[in-house]
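# Working through the structure, step by step
Here's the letter readout for the chains.
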Amino acid sequence: MRPTPALDVRGLRVTLPGTARPVLDGVDLTVGAGETVALVGESGSGKSIASRSALRLLPTGGVAEGEVRVAGEDVLTMDAARLRQVRAGTVAMVFQDPCAAVNPLRRIGDFLTEGVTLAGTMSPARAAARAVELLGAVGLDGSVLRKYPGQVSGGMLQRVVIAAALMGDPVLLMADEPTTALDVTSQAEVIAVLATLRERFGTGLLFVTHDLDLAAAISDRVYVMYAGRIAESGPAEALFARPRHPYTAALLASTPRMEGPRGRLAAIDGQPPDLREPLRGCAFAARCPLATEVCDERAPLPSPAPGRPDHTAACHHSDLLEGSAVDA
Amino acid sequence: MTAVLTRRPGLSRIRATGSPLHLVCLALAALVAVAAVLAPWVVPHDPNAVDLGNALAGPSAEHPLGMDAAGRDTLSRLLLGARTSLLGPLGVVVFSTVAGIAVGMAAAWRGGWLDSVLSRSTELVFAFPGMLLAILIISVHGEGLLAPVIALALAYLPYVSRLTRSLVLAERARPYVSAYRVQGHSALQICLRHVLPNIAPVVLAQSTINFGYALMDLAGLSFLGLGVPALTPDWGRMVFDGQTAIQAGYPLSAVLPCVFIVLTVVAFNVVGERWADRVSRRAR
Amino acid sequence: MPENVLEVTGLRRSFGAVRAVDEVSFTLPQGGSLGIVGESGSGKTTTARIVVGLERADEGEILVRGRPRGGPPRGRTARLARAREIQMVFQDPYLSLDPRTSVEAVLRETLGLHFPGRDHTPRVRELLDQVGLGTRAADALPRHLSGGQRQRVAIARALAVEPAVLILDEAVAALDVSVQAQILNLLADIREQTGIGFLFITHDLGVVRCVTDEIVVMRHGAVVEQGATDEVLSSPRHPYTRLLLESVPRPGWDPQAIAAARRAL
């Protein structure tokens, strides 16, 4: 058996006041130690809420049930003092827009060191040394320390933010759309940095994104979320080459790509279900080409593919998709 | 919201955060307004009828709030006084809001030299105390309600124009304004039809707060014997008239208008602050 | 009849010492679709804003249907004529609609301005239909609509003017993948039906490949490569175009090599 996973979410259910269905419903998700896992979903799928639950950052009025274990400890039940420690060191987070995550009036050096020196885990001198070391790891030199955020590019700033996230030596690094605000070429640079860091520091990485191609390109395993539920999960290549959930297949087909035929895309008709309306059966049934009566009546449970226990899909008709793979 | 309403310190601390105080103040402001409108029909006595025999009489069935030093019914004077006391600030607020929005909008939209000229000149007014300006204008123009109203409107204009300017600058940067320009709408059309309705709630909240301050300033001027003609019932004037009565040991006729001034100012302030808080918190 | 609906020659614009747009020229044939691709700071958005008239150029000429597009319009007639030449759909559907104006009012306002004194009801219905919005959406305020629906409203508003050219400034970048596909298909339908020329401003090569015939690649304000989309994307000549192509994530993608190539360029 592998060591304790960095993040282990079991049956997470989050309800918000004034909604007819939970925003997260029975989410199971694991990030192994040193593993890169992508959580893919469109806006409103609950992917950000799911990832933030690892820090017990719930939306206002949200009530969470289930277990969210970070390095073996349940963050949902721990006391405030322990939670602060977890937030300060065990789990780190990188946000979408680096410019919004950094105080523009403070030097980058202060931004890097203030977290650990304020928490008292490191002396200022050690913190400064570590900051230089981490900047080196993300491909920047020490001269950046004395600069202000406005003096460096967005891609460089995102690498600074990643270095800052690693200051507390976290077990789990969460990146919520860390490259969406960046150009494609800087995106590659940030992804390259994240990949190197994982090998070097053995940090578990949860990569939250809407981009299925990006997720497949960088992660070991992928979870696809739809309307607060995990639709499909499995190894990146398998999920890409042989999706077992019609939503994954449709998402792959509707992405404009550099390969394959040009012209019209296979768009998914309709819209994701509204939070104000209750869901009885499968959340995707209304937009699904394979939907039958059973899909409207019973919510499908995740079930593994025959012979491949690590590739699961929550669909009554997974077997119909088998073999009819959408070529990527 | 980038713009911040201008509030004077002190009164702004009386903030109603979802408390019944806000409702009480709203009711009070409404009551004073209704009293002012209906005053001529509900006053029990002629406010200027002098009955020297009963001067400084205490409350009685005939005169529930007593008489003043000149033997006039205090209740009637209070009710009718509400008219002048509210009409003045209303004039100040209407004029300063309309002119302030025009100035602020022109400055923000055109920018460049026009912005510099308008912003600098409103700052000049800021630097000059409103009361002093009012006294100056009254001394030139003579007695009457119009002169102090115009003077104070000028003094309050910068509060509105500065707020409007910053709101319009923020609104102008939004792509929907560019979209309307691309569509061929004229600047004036875009300003009046789209920008103005979007910034109006915040500006009107500021004007409500200004109303309270203007009432206080006008009452102050009346107390100094400036502005309102001698016989017109007015709260500030009543305080002035009642001074000697207080010294003589009959405070009622002077204290009551004081209380009304304070309560009304507080009521408008709380209502305006609350409104300002709500519109600035509202997510778009 | 002029063959090109839009001709841009030698466009220049500097902000201080920065050359935001430097000698940019391109043509858009009648009913064609041209993509301007580049990263942030490449000058693609400034180019679009100059073409539509939200920004002025220091130098250069813009011809629409062979007629020069002059400076800031004087008077109502000139303004409206200018608006009928080129329309634009903006990136953020959450900010490009007035939050207080309903869908139908948006369309009526535009129709009333450009085609006064007519009954606009059938045209409003036609436009809503054309962009795939039901009449039920007509009374809705923007905040009650999803991102995709708002972008449909913005497209309908632009179409109401009946322009010769439609500029789409990152018009699908803020949308979810499944919605993005719907909007791209809708735009393809509209081009077939109306023959409006499309100018796509985007950073997404997948989108460009899907919807354009010709492509202009910009970097630091200048055009580095231009030609037929197929050709440029299958055999790029400029190293920057190659870098952009390689940066698109795909299975077996090597971010390290791209990062190295980017530093080398």
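Predicted model, so just to flag it, every value in this text is computed and none were measured.

Bringing the overall build of chain A into the picture now. Counting its regular elements, chain A contains 12 helices and 12 strands. Scaling as 2.2 N^0.38, a compact globule of 328 residues should have a C-alpha radius of gyration of about 20 Å, and chain A matches this with 21 Å. The principal-axis extent of the C-alpha atoms belonging to chain A is close to 65 × 50 × 40 Å. Expressed as a percentage of the 328 residues in chain A, the buried residues total 48%.

With that out of the way, let us pick up the interface of chain C and chain B. Each partner contributes residues to the interface: chain C has 20 residues there, and chain B has 15 residues. The set of elements that each furnish at least two residues to the side of chain C that touches chain B consists of α2 (75-85), β6 (86-89) and α3 (103-114) of chain C. For the side of chain C that touches chain B, the leading source of residues is α2 of chain C, giving 4 residues. Class assignment for the residues of the side of chain C that touches chain B results in 11 nonpolar, 4 polar and 5 charged.

On to the interface of chain C and chain A, then. Taken together, the contacts link 32 residues of chain C with 34 residues of chain A. Breaking the side of chain C that touches chain A down by element, the ones donating at least two residues are α6 (177-194), α7 (205-211), α9 (239-247) and α10 (255-264) of chain C. Residue contributions to the side of chain C that touches chain A peak at 7 residues, all from α6 of chain C. Among the residues forming the side of chain C that touches chain A, the class breakdown is 18 nonpolar, 9 polar and 5 charged.

Here we come to helix α4 (residues 130-141) of chain B. Residue and element names in this part refer to chain B. The end-to-end C-alpha separation of α4 is 16 Å, in line with the 16 Å expected for 12 residues at 1.5 Å each. Residues Gly130, Ala134, Ile137 and Ile138 constitute the buried set of α4. Mapping the buried residues of α4 onto a view down its axis gives an arc of 100°, with all of them on the same face. Away from its buried face by more than 90 degrees, α4 exposes Leu132, Ser139 and Val140. Within two residues after α4, Gly142 carries a phi angle of roughly 95°, on the positive side.

With that settled, the discussion passes to the sheet that holds strand β5 (residues 67-68) of chain C. Residues and elements named next belong to chain C. Reading across the sheet, the 4 strands line up as β2-β1-β4-β5 and stay open at both edges, with antiparallel pairing between neighbours. Of all strands in the sheet, those with a lone pairing partner are β2 (18-29) and β5, marking the two edges. Here strand β1 (residues 4-15) pairs with β2 via 8 bridges, running antiparallel. Within β2, the residue paired with Asn4 across the bridge is Pro29.

A separate point is the packing of helix α2 (residues 74-110) of chain B against helix α3 (residues 112-127) of chain B. All names here are of chain B. The N-to-C vectors of α2 and α3 enclose an angle of 145°; their axes lie 7 Å apart at closest approach. Judged by the sense of rotation from one axis to the other, the crossing of α2 with α3 is left-handed. Together, Val103, Ala106, Ala107 and Arg110 of α2 and Gly112, Leu114, Asp115, Leu118, Ser119 and Thr122 of α3 make up the contact between the two elements. The residue inventory of the contact of α2 with α3, partitioned by class, reads 5 nonpolar, 3 polar and 2 charged.

Below, the discussion takes up the pairing of strand β8 (residues 197-202) of chain C. Looking down a regular strand, the side chains alternate between one sheet face and the other. All names here are of chain C. With 6 of its 6 residues buried, β8 lies for the most part within the structure. Going residue by residue along β8, you find Gly197, Leu199 and Ile201 tucked away on one face and Phe198, Phe200 and Thr202 tucked away on the opposite face as well. Examined bridge by bridge, strand β7 (residues 165-169) and β8 share 5 bridges and lie parallel to one another. Residue pairing across strands places Ile167 opposite Leu199, the latter belonging to β8. Taking the sense of rotation as the criterion, the β-α-β connection linking β7, α6 and β8 turns out right-handed.

A few words now on the environment of Gly34 of chain A. Residues and elements named next belong to chain A. Topologically, Gly34 is positioned in the loop between β2 (24-31) and β3 (36-40). Judged by C-beta crowding, with 17 C-beta atoms within 10 Å, Gly34 ranks as partly exposed. A sequence separation of 166 residues divides Gly34 from Arg200, and the C-alpha atoms of the two residues are 9.6 Å apart. Beyond its immediate sequence surroundings of up to four residues, Gly34 is in contact with Arg198, Gly202, Thr203 and Gly204.

Now for the packing of helix α6 (residues 154-166) of chain A against helix α7 (residues 184-201) of chain A. Residue and element names in this part refer to chain A. It is at 9 Å that the axes of α6 and α7 come closest, and there the two elements cross at 20°. Classified by the angle between their axes, α6 and α7 sit roughly parallel to one another. Two packed elements cross with a definite hand, and for α6 against α7 that hand is right-handed. On α7, the residues that touch Gly154, Gly155, Gln158, Arg159, Ile162 and Leu166 of α6 are Ser186, Glu189, Val190, Val193, Leu194, Leu197 and Phe201. Looking at the contact of α6 with α7 residue by residue, the class counts come to 7 nonpolar, 4 polar and 2 charged.

Residue and element names in this part refer to chain B. By the secondary structure assignment, Val177 is in helix α6 (residues 175-182). Under the C-beta neighbour-count criterion, Val177 is labelled buried, with 23 such atoms within 10 Å. Spatially, the C-alpha atom of Val177 lies 8.0 Å from that of Val195, the residues being 18 residues apart in sequence. For Val177, the residues in contact, after removing those within four places along its chain, are Glu171, Arg172, Ile190 and Val195.

All names here are of chain A. Each assigned domain of chain A is listed with its residue range as follows: domain 1 (7-224) and domain 2 (244-321). Between the C-alpha centres of domain 1 and domain 2 there is a distance of 29 Å. In terms of residue class, the side of domain 1 that touches domain 2 is made up of 4 nonpolar, 2 polar and 3 charged.

All names here are of chain C. On domain assignment, one finds that chain C holds domain 1 (4-234) and domain 2 (235-265). Placing the centre of domain 1 and that of domain 2 at their C-alpha centroids yields a distance of 29 Å. Between domain 1 and domain 2, the contact holds 10 residues from the first and 9 residues from the second. Per element, the largest residue contribution to the side of domain 1 that touches domain 2 is 4 residues, and it comes from helix α8 (residues 229-234). In terms of residue class, the side of domain 1 that touches domain 2 is built from 5 nonpolar, 2 polar and 3 charged.

This part takes up the nonpolar core. One finds Leu172 and Leu206 of chain A, Leu152 of chain B together with Val165, Ile167 and Leu199 of chain C to be the most contacted residues of the largest nonpolar core, which totals 246 residues. When residues of this core are assigned to their parent elements, the largest contribution, 17 residues, is made by helix α7 (residues 187-223) of chain B.

Here Ala71 of chain A, not a glycine, exhibits a phi torsion of approximately 50°, which is positive. The class for Ala71 of chain A is partly exposed, based on 19 C-beta atoms found within 10 Å.

It is worth spelling out the sheet that holds strand β10 (residues 222-228) of chain C at this point. All names here are of chain C. If you trace the 6 strands from one edge of the open sheet to the other, you get β6-β7-β8-β3-β9-β10, paired in mixed fashion. Edge positions in the sheet fall to β6 and β10, since each has one partner strand and no second. Direction aside, the axes of adjacent strands within the sheet are offset by 20° on average. In this sheet, β7 lies alongside β6 in parallel orientation, the contact comprising 4 bridges. The partner of Met88 across the bridge, within β7, is Ile167. Set on the sheet, helix α1 (residues 44-52) makes contact with β3 (33-37), β6, β7, β8 and β9 (214-219); between it and β7 the angle comes to about 150°.

The rules behind these values
Residues numbered from 1 in each chain as written. Chains lettered and ligands numbered in written order. Predicted model: local features only at pLDDT ≥ 70, side-chain atom pairs only at ≥ 80, totals over all residues. Helix = DSSP H or I, 4+ residues; strand = E, 2+ residues; numbered from the N terminus. Rg over C-alpha atoms; globule rule 2.2 N^0.38 Å. Buried ≥ 20, exposed ≤ 12 C-beta atoms within 10 Å, placed from the backbone. Contact = placed C-beta atoms within 7 Å. Nonpolar A, V, L, I, M, F, W, Y, C, P; charged D, E, K, R; others polar. Expected span 1.5 Å × (residues − 1). Arc of directions from axis to C-beta. Pairing = 2+ DSSP bridges. Axes fitted to C-alpha atoms, helices over the stretch in contact; angles between N-to-C directions. Left-handed = near helix turned anticlockwise from the far one by under 90°. Right-handed = clockwise from strand over helix to strand, strands pointing away. Parallel < 35°, antiparallel > 145°, perpendicular 65-115°, else oblique. Domains from an automatic or database assignment. Core = buried A, V, L, I, M, F, W, Y, C linked by C-beta atoms within 7 Å.

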